[in-house]
Amino acid sequence: MHPVRIRVPVLNRNTETSMANTRTAILSAVAALAGAATLSQAALAEDGAKEKCYGISLAGKNDCASTGNNSCAGTAKGDYEKGAWKYVPKGTCLTTTVTLPDGSIRNGSLEPGKS
């Protein structure tokens, strides 16, 4: 039998530093994107042209935190959760309708409902 040779890459300080720098850059970019998303949500709410409409967002498409079920934008687990909200043009929430899986139709709400 011939001996099996396995090459193991040797990490040196330059490689470790490079990996740490890459990790730091990625984490910084993620933090910047999260901050930008938060600021854009606040800007929408402040301009007065939008309002929060509960119960109309699809799973993963809510604009920010819902009551008790998730923590921020895009984290709603199910379609049309009564506690998840989405920004809509001011004055259109109560006339926005969704068709639920059972075929019933529900209007959006300006207040979170109980699921």
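Residues numbered from 1 in each chain as written. Predicted model: local features only at pLDDT ≥ 70, side-chain atom pairs only at ≥ 80, totals over all residues. Heavy atoms only, no water.

### A few points about the overall build of the chain
To keep it simple, the criterion reads: Labels follow the DSSP assignment, with helices taken as runs of H or I lasting at least four residues and strands as runs of E lasting at least two, numbered in each case from the N terminus. Summary of the burial criterion: residues with accessible area below 20% of their type's maximum are buried, those above 50% are exposed, and those between are partly exposed, where the area comes from a 1.4 Å probe applied to protein chains only. A 1.4 Å probe and the Shrake-Rupley method give the accessible areas. Residues count as covered only by the protein chains that appear here.
Counting secondary structure elements, the chain contains one helix and four strands. When the elements of the chain are put in sequence order from the N terminus, they spell out α-β-β-β-β. A buried classification covers 22% of the 115 residues belonging to the chain. Here the chain displays about 8300 Å² of accessible surface, and carbon together with sulfur accounts for 60% of that area.

### A closer look at the packing of aromatic side chains
How two aromatic rings sit relative to each other is set out by the distance from centre to centre and by the angle between their planes. Operational definition: For Phe, Tyr and Trp, rings pair up if their centres lie within 6.5 Å, where Trp contributes its six-membered ring, and each pair is then called stacked (planes under 30 degrees apart), edge-to-face (over 60) or tilted (otherwise).
Enumeration according to the criterion identifies one aromatic pair in this entry. Centre to centre, the rings of Trp85 and Tyr87 are 4.9 Å apart; their planes meet at 75°, and the pair counts as edge-to-face. There is no split in this pair, since Trp85 and Tyr87 are both buried.

### With respect to the nonpolar core
Keep this limit in mind: Here, nonpolar core means buried Ala, Val, Leu, Ile, Met, Phe, Trp, Tyr and Cys residues that are tied together by side-chain atoms lying within 4.5 Å of each other. The contact criterion used is simple: two residues touch if any of their non-hydrogen atoms lie within 4.5 Å.
Counting seven residues, the largest nonpolar core consists of Cys53, Ile56, Tyr80, Val88, Cys93, Val98 and Leu100. Excluding anything up to four places from it in sequence, Tyr80 contacts Gly55, Ile56, Ser57, Leu58, Val98, Thr99, Leu100 and Arg106.

### So, the side chain of Glu51
Stated formally: His is not counted, nor are the chain ends, whereas Lys and Arg count as positive and Asp and Glu as negative. Salt bridge, as applied in this entry: a Lys or Arg side-chain nitrogen positioned within 4 Å of an Asp or Glu carboxyl oxygen.
With respect to the helices, strands and loops of the structure, Glu51 is situated in strand E1 (residues 50-54). An unpaired buried charge is present at Glu51: no salt bridge exists, and Lys90, the closest side chain of opposite charge, is 4.6 Å distant. Excluding residues that lie within four positions of it along the chain, Glu51 makes contacts with Lys86, Tyr87, Val88, Pro89, Lys90, Gly91, Thr92, Cys93 and Leu110.

### Remarks on the state of the cysteines
We apply this condition: Criterion for a disulfide: a pair of cysteine sulfur atoms at a distance within 2.5 Å.
Per the counting criterion, the structure on display carries one disulfide. Here Cys53 engages in a disulfide with Cys93; their sulfurs sit 2.1 Å apart. Disulfide Cys53 to Cys93: torsion about the S-S bond roughly 80°, handedness right-handed. Taken as a pair, Cys53 in strand E1 and Cys93 in the loop between strand E2 (85-89) and strand E3 (97-99) lie far apart in primary sequence, 40 residues in all.

### Quick look at the side chain of Asn62
Applicable threshold: Side-chain atoms alone can form a polar contact between residues adjacent in sequence; in general such a contact is a pair of N or O atoms within 3.5 Å, and within protein one must be able to donate a hydrogen while the other accepts it.
Among the secondary structure elements, Asn62 is positioned in the loop between E1 and E2. Given a relative accessible area of 3%, Asn62 falls into the buried group. Polar contacts involving the side chain of Asn62 include one to the main-chain amide nitrogen of Ala76, which spans 2.9 Å.

### Details of the environment of Leu100
Inspection of the secondary structure assignment puts Leu100 in the loop between E3 and strand E4 (105-107). The class for Leu100 is buried, based on a relative accessible area of 18%. With residues near it in sequence (within four places) discarded, Leu100 still touches Tyr80 and Arg106.

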